[in-house]
Amino acid sequence: MSNNHLIIGLGGTGGKVIKAFRRGVYEEFRDVEPVGTDGKHHAVYVNYLYLDSSPGDLKASECWRTQGDIGPLIALNDRNRLSIAQNDLLTRLSDPEHFPVTHRYIGRPSLWTDIFNDAKGQLAAGGQMRRLGAALFEPQCRGFVERVRTLCNELSANSHIQGVAFHVCCGLAGGTGAGAFLHVIAQLRAEYPDRDNYPIFLYLLLPDRDSPWAKKNYYANASAALQELNAYLLSDPHDGINKGGPLFAPYDLTGQSRRFENVAAGGSTKLLNRLQGCFVLSNVNERSLMIGVDNEEIHNLIAQMQFQRIFLIDSAENDQYQSLRRTITLENLIEPDECQTTDPTQPLRSIRSLPAMESEREGW
C-alpha cells in the first residue's frame, strides 16, 4: 500500500475529525505537514479535503489552532476546502429538462417546496435530511472529482509514488455527511478503480444516543444510510445484465453515467473493488461508557485511530504489524457475505464493517 493518504471530511463531523487529526500531527511532530516519522519508517504524505454546507464551519477552518483560540495555527488552505452551500435548488426543481440528475433521486418535487423555500433548511447541515445532503453535493460533484484529482496528483508528485489511500469520515446523524458519503465513495471508485493502489476506507459516526434531535431525523438518517451502504457493498448474483454489480447502485451525480453499476468483467464479483473497510463508531462502547460529542472527544478518538493507522501501522516495515494491516484492509478475507436463510444465493449483509482498534477501545 502506498504511503500517500487523502483524508476527506464530510459535514461538521468530518471537519472536526480533520481538525483533531491535524492537531495530533502537530503535537507529535511540531509540524502540521511532516514527511515521515523517523529513520525506521517510510515517508508519509497526507493531504486533506473538507466539504461542508456550513459557510461558518468552513470559514472557521481558516483559523484552526491547536488549543481553541490559542496555540499554533493548523488551518486548512483554500485547496483543502470545498463549499457545497450554493446550489440553487429551486431552479433545479422547476426545470427537469436542464437538470435531469436532480430529478432522478429527489422524488416528488412538490413535497420539497416548503423545505427548499427555507434558506436555513438548505444550508444548515443539509437540513438534517439525507436527500438534501445529496442535493447539496450534486452541483459540486464534478468540482469534487477535479479537486480530488489535483490533491492526489500533488501527493504522487511529492512522494514519487503512484497510489493514494482514501479515508472518508462523516457523521450519519445529519444531512450533509449521511446524504453525500455513498456518492463520494462511488465517485472515488469510478475515478480510481484500482483498489490495491487506491483503497477506500470509511469512518462513520452513529448518532449521539442522548442528542435532543435523535428522535427526529437522526436515527432515520443513520438507518437509511447504513442500509444503502450495505446494499452497495453486496453483489447481485441474479442480474444477468449486470452480474456482480451492487444490489443498490447510487446515481452518478456528475451526469456522465446514470448509475454506478460496477459491472464485473467476466461475471466475477466487484465487491472488493468498491470498499476495503468501514469503521462504524459510536460514542457508547460495549461497556455502556459514553464519551462526549459536543466537546469533540469522539472526534479526537476517530482522529487518533487514523493517526495510528497512517503514521504507525501503514508506514511500518513490511514485517511489522502485518497481521493488523491485513485485518484492517481485509486483504485475506475469504468469508462470504451473510445470505438469506431461505435463499443461500441471495446476499443479505456485508461483512466489511470493522470494529475500532483495541488500543483505542481500551482507552475509554
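Residues numbered from 1 in each chain as written. Predicted model: local features only at pLDDT ≥ 70, side-chain atom pairs only at ≥ 80, totals over all residues. Heavy atoms only, no water.

Draft legend 1. How the structure looks around helix H12 (residues 297–313). Compared with an ideal rise of 1.5 Å per residue, which puts 17 residues at 24 Å, H12 spans 23 Å between its outermost C-alpha atoms and is within 8% of the ideal. For H12, the buried fraction is high: twelve of the 17 residues fall into the buried class. Here H12 has its buried residues at Ile298, His299, Leu301, Ile302, Ala303, Met305, Gln306, Phe307, Arg309, Ile310, Phe311 and Ile313. (Helix = DSSP H or I, 4+ residues; strand = E, 2+ residues; numbered from the N terminus. Expected span 1.5 Å × (residues − 1). Buried < 20%, exposed > 50% of the residue type's maximum accessible area, 1.4 Å probe, protein only.)

Draft legend 2. Up close: the packing of helix H8 (residues 141–159) against helix H9 (residues 176–191). Their axes nearest at 11 Å, the elements H8 and H9 cross at an angle of 55°. Accordingly, the angle class assigned to the pair H8 and H9 is oblique. Seen from above, H8 lies across H9 with right-handed handedness. On H9, the residues that touch Cys141, Phe144, Val145, Val148 and Arg149 of H8 are Val184, Gln187, Leu188 and Glu191. (Axes fitted to C-alpha atoms, helices over the stretch in contact; angles between N-to-C directions. Parallel < 35°, antiparallel > 145°, perpendicular 65-115°, else oblique. Left-handed = near helix turned anticlockwise from the far one by under 90°. Contact = heavy atoms within 4.5 Å.)

Draft legend 3. Main features of the environment of Lys16. As for its placement among the helices and strands, Lys16 is situated in helix H1 (residues 11–29). Along the backbone, Lys16 and Tyr50 are 34 residues apart, and their C-alpha atoms lie at a distance of 9.6 Å. Non-local contacts of Lys16, meaning those with residues more than four positions away in its chain, are made with Glu296 and His299.

Draft legend 4. Geometry of the pattern of salt bridges. For the coordinates displayed, the defined rule picks out eight salt bridges. Notably, a salt bridge pairs Arg81 with Glu62, separated by 3.4 Å at the nearest N-O pair. Of this pair, Arg81 sits in strand E5 (residues 81–83) while Glu62 sits in the loop between helix H2 (55–60) and strand E3 (65–67), placing them 19 residues apart in sequence. Taking relative accessible area as the criterion, Glu62 reaches 34% and is therefore assigned partly exposed. Here Arg92 and Glu138 are joined by a salt bridge, their closest N and O atoms 2.7 Å apart. Here the residue Arg92 occupies a position in helix H3 (residues 89–93), and Glu138 occupies one in the loop between helix H7 (130–137) and H8, the gap between them amounting to 46 residues. Looking at Glu138, the relative accessible area reads 11%, which means it is buried. (Salt bridge = Lys/Arg side-chain N within 4 Å of Asp/Glu carboxyl O.)

Draft legend 5. Quick peek at the confidence of the model for the chain. Across the chain, the average pLDDT comes to 81, with 76% of residues at or above 70. Taken together, the stretch residues 121–125 has pLDDT below 50 and engages in 15 contacts with residues farther than four places along the chain or on a different chain. Low pLDDT, under 50, characterises residues 264–270; the predicted model gives this stretch twelve contacts beyond four residues in sequence or across chains. (pLDDT = per-residue confidence, 0-100.)

Draft legend 6. Broad picture of H8. With 19 residues, H8 should cover 27 Å at 1.5 Å per step; its first-to-last C-alpha distance of 27 Å lies within 8% of that length. Listing the buried residues of H8 in full gives Cys141, Phe144, Val145, Val148, Leu151, Cys152, Leu155, Ser156 and Ser159. When H8 is viewed along its axis, its buried side chains cluster within an angular range of 140° and face the same direction. Packing partners of the buried residues in H8 comprise strand E1 (4–10), strand E2 (45–52), E5, H7, strand E6 (165–171) and H9. (Arc of directions from axis to C-beta.)

Draft legend 7. The pairing of strand E7 (residues 200–205), seen in detail. In terms of residue burial, E7 counts as a mostly covered element, since six of its six residues are buried. Side-chain alternation along E7 places Ile200, Leu202 and Leu204 on one buried face and Phe201, Tyr203 and Leu205 on a second face that is also buried. For E6 and E7, the ladder comprises six bridges, and the chain directions are parallel. Residue pairing across strands places Cys170 opposite Leu204, the latter belonging to E7. Handedness of the E6-H9-E7 crossover: right-handed. (Pairing = 2+ DSSP bridges. Right-handed = clockwise from strand over helix to strand, strands pointing away.)

Draft legend 8. Unusual backbone geometry, seen in detail. For Arg30, which is not glycine, the phi torsion reads 55° and is therefore positive. Considering the arrangement of structural elements, one finds Arg30 in the loop between H1 and E2. Here His160, not a glycine, exhibits a phi torsion of approximately 60°, which is positive. Tracing the backbone shows His160 in the loop between H8 and E6.

Draft legend 9. Main features of the packing of aromatic side chains. Taken as a whole, this structure holds twelve aromatic pairs when the rule is applied. Look at Phe21 and Phe307: their rings are 6.3 Å apart centre to centre, the planes differ by 55°, and that puts the pair in the tilted class. In this pair, Phe21 sits in helix H1 while Phe307 sits in helix H12, placing the two residues 286 residues apart along the sequence. Given the relative accessible area of 1%, Phe21 is considered buried. Through pairs of rings, three or more aromatic residues link up here, namely Phe21, Phe29, Tyr48, Phe307 and Phe311. Above the ring of Tyr251, the side-chain terminus of Arg259 is found at 3.8 Å from the ring centroid. (Phe/Tyr/Trp six-rings, centres within 6.5 Å; stacked < 30°, edge-to-face > 60°. Lys NZ or Arg CZ within 6 Å of the ring centre and 35° of its normal.)

Draft legend 10. A look at the environment of Gln256. Mapping Gln256 onto the fold places it in the loop between helix H10 (214–233) and helix H11 (271–274). By relative accessible area, Gln256 is classed as exposed at 61%.

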